[in-house]
Amino acid sequence: MANDNRHAVTVLGLGAMGSALARALVEGVHSTTVWNRSPEKADGLVSQRALRATTAGGAMTASPLTIVCVVDDAALHEVLDVVGERLSGRVLVNLTNGTPEQARRAAARARDLGAAGYADGGIMAVPAMIGAPEALVLYSGSSDAFAAHRPVFETLGAARYLGADPGLAALYDIALLSGMYGMFGGVLHAVALAGSEDVPATEFIKLLIPWLDAMASTLPQLAEQIDAGHHPTDSPLEMQAAGFPNLVEASHAQGIRPDLMLPMQHLIEEGVAAGHGVDDISSLAQLLGRPTATPVAVEG
Ligand code: FVH
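Keep in mind that what you see is a predicted model, and the values were worked out from it rather than measured. The residue numbering used here restarts from 1 in each chain and proceeds along that chain's sequence as written. For this predicted model, a pLDDT threshold of at least 70 governs which residues receive local features, and a threshold of 80 or more governs which side-chain atom pairs are given and counted, while totals over whole chains, interfaces and linings are taken from all residues. Side-chain measures were taken over the full set of non-hydrogen atoms in the model, leaving aside hydrogen atoms and water.

**Some thoughts on helix 5 (residues 100-112)**
Step number 1: Spanning 13 residues, helix 5 covers 19 Å between terminal C-alpha atoms, matching the ideal 18 Å at 1.5 Å per step.
Step number 2: Residues Pro100, Ala103, Ala106, Ala107 and Ala110 constitute the buried set of helix 5. Down the axis, helix 5 shows its buried residues gathered within 120 degrees of arc, on one side only.
Step number 3: As for helix 5, its buried residues are in contact with helix 4 (73-83), strand 5 (91-94), strand 6 (117-124) and helix 8 (168-195).
Step number 4: Remark: Gly114 follows helix 5 within two positions and exhibits a positive phi of approximately 90 degrees. We count a stretch as a helix when DSSP gives it H or I for four or more residues in a row; a strand needs E for two or more, and each element gets its number in order from the N terminus. What a helix is expected to span follows from its residue count: subtract one and scale by 1.5 Å. Only protein chains enter the calculation, and the probe is 1.4 Å; a residue is then buried if its accessible area is under 20% of its type maximum, exposed if over 50%, and partly exposed in between. An arc is given here, and it is the one of the directions from the helix axis to the C-beta atoms. Two residues qualify as a contact provided that any one of their heavy atoms is within 4.5 Å of a heavy atom in the partner residue.

**Points about the pairing of strand 7 (residues 136-141)**
Regular strands have side chains that alternate between both faces of the sheet.
Step number 1: Burial analysis of strand 7 places 5 of its 6 residues in the buried class, which makes it a mostly covered element.
Step number 2: Two strands form a pair only when DSSP identifies at least two bridges running between them. In the sheet, strand 7 pairs with strand 8 (residues 158-161) via 4 bridges, with the strands oriented parallel. Across the sheet, Leu136 pairs through a bridge with Ala158, a residue of strand 8.

**Considerations on the site of the ligand**
Step number 1: One heavy atom suffices: a residue is near a molecule or strand as soon as one of its heavy atoms comes within 4 Å of it. Near the ligand, the surroundings consist of 21 residues, among which Met17, Asn36, Ser38, Lys41 and Asn97 are the closest.
Step number 2: With respect to the ligand, the backbone of Val71 contributes an N or O atom lying 3.0 Å from an oxygen atom.
Step number 3: For the ligand, the accessible surface in isolation is 910 Å², of which the surrounding protein chains cover 75%.
Step number 4: Secondary-structure elements contributing two or more residues to the shell around the ligand are helix 1 (16-27) and helix 4. N or O atoms within 3.5 Å of each other form a polar contact, as long as, within protein, one can give a hydrogen and the other can take it, and as long as residues adjacent in sequence are counted only when both atoms are side-chain atoms. A 1.4 Å probe and the Shrake-Rupley method give the accessible areas. Residues count as covered only by the protein chains that appear here.

**Section: the nonpolar core**
Step number 1: What is meant by a nonpolar core is a set of buried Ala, Val, Leu, Ile, Met, Phe, Trp, Tyr and Cys residues, joined one to another through side-chain atoms within 4.5 Å. Ranked by internal contacts, the top residues of the largest apolar core, which has 33 residues, are Leu95 and Ile130.
Step number 2: At the level of secondary structure, the elements contributing two or more residues to this core comprise strand 1 (8-12), helix 1, strand 4 (65-68), strand 5, strand 6, strand 7, helix 6 (143-148) and helix 7 (150-156).
Step number 3: Among the elements that take part in this core, helix 1 stands out by supplying 7 residues, more than any other.
Step number 4: Apart from residues lying up to four places away in sequence, Leu95 is in contact with Leu21, Ile67, Val68, Cys69, Gly121, Ile123, Val137, Tyr139 and Leu156.
Step number 5: Ranked by size, the runner-up nonpolar core spans 21 residues in total, among them Ala59, Leu80, Val83 and Leu113.

**Quick word on the environment of Thr33**
Step number 1: Relative to the elements of secondary structure, Thr33 occurs in strand 2 (residues 31-35).
Step number 2: Setting aside residues up to four positions removed in sequence, Thr33 forms contacts with Val9, Thr10, Val11, Leu51, Ala53, Ala59, Ala62 and Ser63.

**Focus on the packing of helix 11 (residues 237-253) against helix 12 (residues 262-276)**
Step number 1: Axis definition: a line fitted to C-alpha atoms, limited for helices to the stretch in contact. Angles are taken between N-to-C directions and run from 0 to 180 degrees. Across the interface, helix 11 lies against helix 12 with an axial gap of 9 Å and an inter-helix angle of 150 degrees. As far as their axial angle goes, helix 12 and helix 11 are roughly antiparallel. Where helix 11 crosses over helix 12, the two elements pack in a sense that is left-handed. For the pair formed by helix 11 and helix 12, the contact residues are Leu237, Glu238, Gln240, Ala241, Phe244, Pro245 and Val248 on the first element and Leu262, Met264, Gln265, Ile268, Gly271, Val272 and His276 on the second.
Step number 2: When grouped by side-chain class, the residues that make up the contact of helix 11 with helix 12 number 9 nonpolar, 4 polar and 1 charged. What sets the label is the angle itself: under 35 degrees gives roughly parallel, over 145 gives roughly antiparallel, 65 to 115 gives roughly perpendicular, and the rest give oblique. Handedness of a crossing follows from how the near helix is turned relative to the far one, being left-handed for an anticlockwise turn of less than a right angle and right-handed for a clockwise one. Gly counts as polar in this scheme, as do all residues outside two lists: the nonpolar Ala, Val, Leu, Ile, Met, Phe, Trp, Tyr, Cys and Pro, and the charged Asp, Glu, Lys and Arg.

**With respect to the packing of helix 4 against helix 5**
A packed helix pair is summarised by two numbers, namely the angle formed by the two axes and the spacing between the axes.
Step number 1: Contact pair helix 4 / helix 5: the axes reach a minimum separation of 11 Å and the direction vectors enclose 5 degrees. With respect to their mutual orientation, helix 4 and helix 5 come out roughly parallel. Touching Asp73, Leu76, His77, Leu80 and Asp81 of helix 4 are Gln102, Ala106 and Arg109, all from helix 5.

**Focus: helix 10 (residues 219-228)**
Step number 1: Taken residue by residue, helix 10 has Gln225, Ile226 and Ala228 as its buried positions.
Step number 2: Of the residues flanking the end of helix 10, it is Gly229, one or two places downstream, whose phi is positive at about 70 degrees.

**Re the packing of aromatic side chains**
Step number 1: A pair of Phe, Tyr and Trp rings is counted when the ring centres sit within 6.5 Å of each other, with Trp represented by its six-membered ring. The angle between the planes then sorts it: under 30 degrees is stacked, over 60 is edge-to-face, the rest tilted. Inspection of the entire model under this criterion finds 4 aromatic pairs.
Step number 2: Ring centres 5.5 Å apart and planes at 15 degrees place the aromatic pair Phe146 and Phe153 in the stacked group.
Step number 3: With relative accessibility at 4%, the residue Phe146 sits in the buried group.
Step number 4: Pairing Phe146 with Tyr161 gives two aromatic rings, centres 5.2 Å apart and planes at 25 degrees, and the pair type is stacked. Taken together, the positions of Phe146 in helix 6 and Tyr161 in strand 8 put the pair 15 residues apart, joining distant regions of the chain.
Step number 5: Since its relative accessible area comes to 27%, Tyr161 is described here as partly exposed.
Step number 6: Every member of this aromatic cluster is reached through a ring pair, and the members are Tyr139, Phe146, Phe153 and Tyr161.

**Remarks on the pairing of strand 5**
Step number 1: Residue alternation in strand 5 divides its side chains into two sets, Val91 and Val93 and Leu92 and Asn94, and both sets are buried.
Step number 2: The path from the first strand over the helix to the second decides the hand: if it runs clockwise while the strands point away from the viewer, the crossover is right-handed. The handedness of the strand 4 to strand 5 crossover, carried by helix 4, is right-handed.
Step number 3: Considered for its hand, the β-α-β crossover made up of strand 5, helix 5 and strand 6 is right-handed.

**Some details on the side chain of His231**
Step number 1: You can see His231 is positioned in the loop between helix 10 and helix 11.
Step number 2: Residue class for His231 comes out buried when judged on its relative accessible area of 8%.
Step number 3: Among the polar contacts listed, one links the side chain of His231 to the side chain of Ser282, at a separation of 2.7 Å.
Step number 4: Beyond its immediate sequence surroundings of up to four residues, His231 is in contact with Gln225, Ile226, Val278, Asp279, Asp280, Ser282, Ser283 and Gln286.

In structure tokens:
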């Protein structure tokens, strides 16, 4: 390391995301060594001052820190098969998307190979966002490794360390993606319904976005209720269960598949059947298998 702001870092995997990571590191004036299975993907980065390595093992020995970002867990382990004990004494940060269990297994394998530290990450951004403060990258695993290389991570975007369990970043990543897919599912159904009467999606979202913003503003209250195990509301589940068939029936009548809405209808009905008819929609969280919160005593 030349000084506090300039670190040597290796990037393994130069797909859309790995290339964006490497580019941000080069632009952040870190000494950046790159390797990709298909070598031509390194050409553009090398013309921007990245250092080319011809093997993954050679790339890893060039830097105390290696960031790997390949397509999936199987590809990660293929890379580790090749690299082997050249990981010894070095820090590995795995930004490949995966599950918490995959992250814990990768951490164990890195330890067996003698790594000085392992952190797993979740990238909450698309490649074009990398390097901007809006790009959030979650990390978990070795706190020492995170602290030592924090300036490198902050070159990629906002860096958030979640804890020593290497699986935490993947868990948060998947949980955040779940929220995103839920939103996209609702939006797709909403614009399909509006579109069934020839309302352009671009027009309809002018109403949809403020509505979703208003609903999003209620989420802190919903979260408090989930944590407290207490779900007061003036929009109880029994009311929602009574209205939901309209949504399904209208979808059919308009020629729109209600598939994305049906799981929510079934969960609401299950909540009512389980005795939560007077409760808020927040009461449904526990039906998904969340450990039951200890109810907080509420006066009145
Ligand atoms: N792109 C995105 O929007 C998302 C944003 C959030 C995070 N994801 C995850 O990032 C990982 C990499 O994604 P990517 O977009 O870079 O993916 P590709 O452009 O398809 O590049 C895949 C790279 O993986 C290499 N690779 C595949 N198999 C192997 C293997 N067996 N051994 C070594 N490398 C392998 C591939 O190499 P090549 O095909 O060019 O030779 C690419 O470098 C991913 O986990 C996303 O979920 C991205």
